[in-house]
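A structural walkthrough
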Amino acid sequence: MNDFIPDPIKQGIARGWRIIDGAALDADRTLEADVVIVGSGAGGGVTAEILALAGLNVLIVEEGALRSSQDFKMREAEAYPSLYQESAARQTLDKGVKILQGRTVGGSTTVNWTSSFRTPPSTLAYWRSHFGLAGFDERAMAPWFETMEARLQIGDWQAAPNENNALLKRGADKLGIPSGLIRRNVKGCWNLGYCGMGCPTNAKQSMLLTTIPSALDHGATLVTRARAERFEIKGEHVEELLCTALQADGVAPSGRVLRLRARHFVVAGGAINSPALLLRSNAPDPNRLLGKRTFLHPTLISAGIFPQRVDAYAGAPQTVYSDHFLHITPIDGPLGYKLEAPPLHPVLLSTTMNGFGADHAAMMRQFPHIAGMLALLRDGFHDESPGGAVLLKDGAGVLDYPLNDFLWDGARRALLSMAEIQFAAGASAVRPAHETARAYTSWAEAKREITALPQALHMTRVASAHVMGGCTMAGDEARGVVDPDGRYRNLANLSVHDGSLFPTSIGANPQLSIYGLSARLASGLAQDITGQPAPRPGA
Amino acid sequence: METNRRSFLKAGVVGALVLAAGGGIYRATQAPNPQRFVLDGEARAALGAIVPAILAGALPAQAAERKAAIAATVAGVHTAISNLPLAVQKEVQDLFGLLAFAPARRLLTGVATSWAEAGESEVAAFLQDWRMHRLALLRTAYGALHDLALGAWYAQPASWNAIGYPGPMKELS
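Please read all numbers here as calculations on a predicted model, not as lab measurements.

**Remarks on the overall build of chain A**
Scanning chain A from terminus to terminus reveals 14 helices and 24 strands. Based on the C-alpha atoms only, the size of chain A along its principal axes is roughly 65 × 55 × 45 Å. Within chain A, contacts between residues separated by at least 24 positions form 76% of all contacts whose residues are at least 6 apart in sequence.

Right, dumping it as structure tokens:
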């Protein structure tokens, strides 16, 4: 523990924030508010601040615990179980895709890698043409992105990219592939490289440090370690939300129950959890759309081994990207992909890379010389890329996301592109994350071998840190359960404000898309409830 | 030996049934509160044999250090499983139930002896078979063991020196 970095959460608690830790409850509780928000991540955080600033009595309920900078020790052993859904071991139904999602106050924003992109215009155009979202063009969205960029200090990264990111640019430059620099939501960043384990210096402008404290300073109540089980619905009206308090370890129910009553409810539990809550609640779903069209940016991984030290654990995790392979084919053609670099830490790398025994150990001994590269497939824009469906298994949301040949075609091209760039950047070897791949020592060898790799379930490593969709927002009931104002159709007092609204994947890291959309929807909701123009959050 | 083991592994559907039965029998023999993962007896011995096979080449060479590293990794796997959702703990319990149930062990892993007596190369061979197996259930079981053992080892500072990882900044960690 250090005492030279102020902890704004501890300070807020000392100022009298209203926080109820579900694990500490010794009796069942009934709580009332104007608005109950389920989830404290990108959607819930933004919504909480705007509604609290509008003078509404807000209650936020979060399944994870309240952790802060003094808890963030940059150790994977502690961070994954305490800050991630299912200890960072969440998987799709057939265990074909590993999923990283946050479960802590601030949601995934507390553990993401700070990459900030506005929703690409081509994605918005597709939503307008295919999902009836007429009001969602670049000009209409720009003020909301500007507001949230200012609120969260999103800006150009001033330091040089670390070697892990610089290699992506160097290799791309050699091949004439355009790349760009990633904007980040940080203030006074120490350039440590541990964003994924919670920022120990309070530089990352996550919901934990921005909108949630602001909402709490304006009288909101935060309930932690409480799992939203189901809404009690009568006719078109949500009466209350039943929550299960969890034990301190966040695994098992404590036996205590919370009943949360409000005029209005906002679901912001993130994709998978939001549709699962609505499925458990038997929310109206006349067209059987709920949970469907859930997207992942299915992500392929390539490790490059370089003669020089890369130290991919050190420095801002993501600062360089390339959208080249999103642009060379039509958005509704074969799967395109965005290229980025992931930070590498021992547990993340060792579990992501395939194999075991002497071969795996030899790879790990090269750790400081390994660079990682990611290809995020842009799913959801083609008939053969319909996404997955959230199902209930023992009451918990599980994503059934079958991996088909259309996806494997994209996976193969992505692994080839990454290997070519890594060799162009000077790699002595490239090893795709695939059960039968080896470390290839030339682009010619890699090209031949990767082309022949069987692309199949459990053979090709596929991961996701971007779960989107499942509560599709659309202009009409036949295409989406949520309307363009974020209102859940056929329920008078329920909204959805999170990444589960997206009708397709974004084609970029989604946090800023969620911030901007949620700011727009929350402002509309505040105006509907109060009859006054919504206040704009300021930094 | 190799041929015999492979013929066992062709058991296919029968194997899947044994997998289910193994889990059920194991759960039935456990104390109350079956929801939380329990690691004992042959299940613990199985993990004690699997960890050194997965971490071959990564563990310290010196005997006492190696023993301590294996014990710490087994404990780390146990902790990691205890932090999973209860439904997932049940799945992992079924897997260890299978490994602990001698007929299932012989049928699906080809390991004829108890886990304590199993040789490292024999264990490595069964892991490699599961890794490439046509039954998705066994491939995912391999995947779980891969992630648990490697994750529990590389989470420990004791593993970092050998891979050149300096660890996080001490003043903040």
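**Here we look at the overall build of chain B**
Across its full length, chain B carries nine helices and zero strands. Going from the N terminus to the C terminus, chain B shows its helices and strands as α-α-α-α-α-α-α-α-α. Put simply, chain B has 173 residues, and 42% of those count as buried. Considering only contacts in chain B between residues 6 or more positions apart, those separated by 24 or more positions represent 72%.

**Looking at the environment of Ile-514 of chain A**
Residue and element names in this part refer to chain A. The topology assignment puts Ile-514 in helix α14 (residues 511-530). Taking the number of C-beta atoms within 10 Å as the measure of exposure, Ile-514 has 30 and is therefore buried. Between the alpha carbons of Ile-514 and Gly-44 there is a distance of 9.7 Å; along the sequence they are 470 residues apart. Every residue in contact with Ile-514, bar those within four places of it in the chain, is listed here: Ala-42, Gly-43, Asp-498 and Gly-499.

**Description of the sheet that holds strand β9 (residues 183-185) of chain A**
Backbone-to-backbone hydrogen bonds join strands into a sheet, with any given pair of strands oriented parallel or antiparallel. Reading across the sheet, the three strands line up as β6-β9-β7 (chain A) and stay open at both edges, with antiparallel pairing between neighbours. Lying at the two open borders of the sheet, with one neighbouring strand each, are β6 (115-116) and β7 (154-155) of chain A.

**Focus on the domain arrangement of chain A**
All names here are of chain A. If you check the domain split of chain A, you get domain 1 (8-152 + 205-292 + 469-530) and domain 2 (163-183 + 299-378 + 404-461). Here the C-alpha centre of domain 2 lies 32 Å away from the C-alpha centre of domain 1. Each side of the interface is counted separately: domain 1 has 11 residues, and domain 2 has 15 residues. Of all the secondary structure elements, the ones that give two or more residues to the side of domain 1 that touches domain 2 are β6 and α4 (121-131). Here the side of domain 1 that touches domain 2 is built from residues that sort into three nonpolar, six polar and two charged.

**Some thoughts on the packing of helix α7 (residues 120-131) of chain B against helix α8 (residues 136-154) of chain B**
Residue and element names in this part refer to chain B. Two elements in contact, α7 and α8, have axes separated by 7 Å at closest approach and are oriented at 125°. Taken together, α7 and α8 sit at an angle that is classed as oblique. Residue-level inspection shows Leu-127, Trp-130 and Arg-131 of α7 in contact with α8, the latter providing Leu-138, Arg-139, Ala-141, Tyr-142 and Leu-145. For the contact of α7 with α8, the per-class residue count stands at six nonpolar, no polar and two charged.

**Observations regarding the packing of helix α4 (residues 63-82) of chain B against α8 of chain B**
All names here are of chain B. Here α4 crosses α8 at 115°, and the two axes come no closer than 8 Å. Accordingly, the angle class assigned to the pair α4 and α8 is roughly perpendicular. Seen from above, α4 lies across α8 with right-handed handedness. Facing α4, whose interface residues are Thr-73, Gly-76, Val-77 and Ala-80, α8 presents Leu-148, Ala-149, Gly-151, Ala-152 and Trp-153. Of the residues assigned to the contact of α4 with α8, the class counts are six nonpolar, three polar and no charged.

**Brief notes about the interface of chain A and chain B**
Counting residues at the interface gives 38 residues for chain A, matched by 36 residues for chain B. Elements with a minimum of two residues in the side of chain A that touches chain B: α3 (76-83), α10 (346-352) and α11 (357-365) of chain A. At six residues, the largest contribution of residues to the side of chain A that touches chain B is made by α11 of chain A. Taken together, the residues of the side of chain A that touches chain B break down into 21 nonpolar, six polar and 11 charged.

**A closer look at the nonpolar core**
Soluble globular proteins: nonpolar side chains tend toward being buried together. Core analysis: the biggest nonpolar cluster contains 228 residues, and Val-36 and Val-58 of chain A together with Ala-149 of chain B have the highest contact counts within it. Here this core gets 10 residues from one element, more than from any other, and that element is α8 of chain B. When residues of this core are assigned to domains, at least three fall in each of domain 1 (8-152 + 205-292 + 469-530) and domain 2 (163-183 + 299-378 + 404-461) of chain A. When residues no more than four places from it in sequence are discounted, the contact partners of Val-36 of chain A are Leu-59, Val-61, Leu-241, Leu-260, Ala-262 and Phe-265 of chain A.

**Let's talk about the pairing of strand β12 (residues 237-246) of chain A**
If a strand is regular, its side chains alternate between the two faces of the sheet. Residues and elements named next belong to chain A. Summarising the sheet, strand β11 (residues 226-234) and β12 pair through eight bridges and their orientation is antiparallel. When the sheet's bridge partners are listed, Ile-233 is paired in β12 with Val-238. Here β11 folds back onto β12 in antiparallel fashion, the turn holding two residues, of which Gly-235 has a positive phi close to 60°. Two successive antiparallel strands, β12 and strand β13 (residues 253-267), enclose a turn made up of six residues, where Gly-250 displays a positive phi of approximately 75°.

**Some words on the environment of Leu-277 of chain A**
Residue and element names in this part refer to chain A. Mapped onto the secondary structure, Leu-277 falls in helix α8 (residues 273-280). When the 23 C-beta atoms within 10 Å are taken as the criterion, Leu-277 is described as buried. Each C-alpha atom, one on Leu-277 and one on Arg-230, is 5.9 Å from the other, the two residues being 47 residues apart in sequence. Other than its neighbours up to four places away in sequence, Leu-277 contacts Val-38, Ala-228, Arg-230, Val-267 and Gly-269.

**Focus on helix α5 (residues 138-151) of chain A**
Residues and elements named next belong to chain A. The end-to-end C-alpha distance of α5 is 19 Å, a good match for the 20 Å that 14 residues give at a rise of 1.5 Å each. Looking at the packing, one finds that the buried side of α5 touches α4 and α14. Positive phi shows up at Gln-153, right after α5, with a value of about 55°.

**Description of the environment of Lys-169 of chain A**
Residues and elements named next belong to chain A. By the element assignment, Lys-169 lies in helix α6 (residues 163-174). Of the residues examined, Lys-169 has 22 C-beta atoms within 10 Å and is grouped as buried. The spatial distance from the C-alpha of Lys-169 to the C-alpha of Phe-136 is 32 Å, given a sequence separation of 33 residues. Residues within four places of Lys-169 in sequence aside, it is in contact with Pro-161, Ser-179 and Val-320.

**Quick notes on unusual backbone geometry**
Residues and elements named next belong to chain A. With a phi close to 65°, Ala-88 is a non-glycine residue in the positive phi region. Relative to the elements of secondary structure, Ala-88 occurs in the loop between α3 and β4 (90-91). Take Ala-88: there are 26 C-beta atoms within 10 Å of it, and that puts it in the buried class. Here Arg-293, not a glycine, exhibits a phi torsion of approximately 50°, which is positive. With respect to the helices and strands, the residue Arg-293 is situated in the loop between α8 and β14 (294-295).

What counts as what
Residues numbered from 1 in each chain as written. Chains lettered and ligands numbered in written order. Predicted model: local features only at pLDDT ≥ 70, side-chain atom pairs only at ≥ 80, totals over all residues. Helix = DSSP H or I, 4+ residues; strand = E, 2+ residues; numbered from the N terminus. Contact = placed C-beta atoms within 7 Å. Buried ≥ 20, exposed ≤ 12 C-beta atoms within 10 Å, placed from the backbone. Pairing = 2+ DSSP bridges. Domains from an automatic or database assignment. Nonpolar A, V, L, I, M, F, W, Y, C, P; charged D, E, K, R; others polar. Axes fitted to C-alpha atoms, helices over the stretch in contact; angles between N-to-C directions. Parallel < 35°, antiparallel > 145°, perpendicular 65-115°, else oblique. Left-handed = near helix turned anticlockwise from the far one by under 90°. Core = buried A, V, L, I, M, F, W, Y, C linked by C-beta atoms within 7 Å. Expected span 1.5 Å × (residues − 1).

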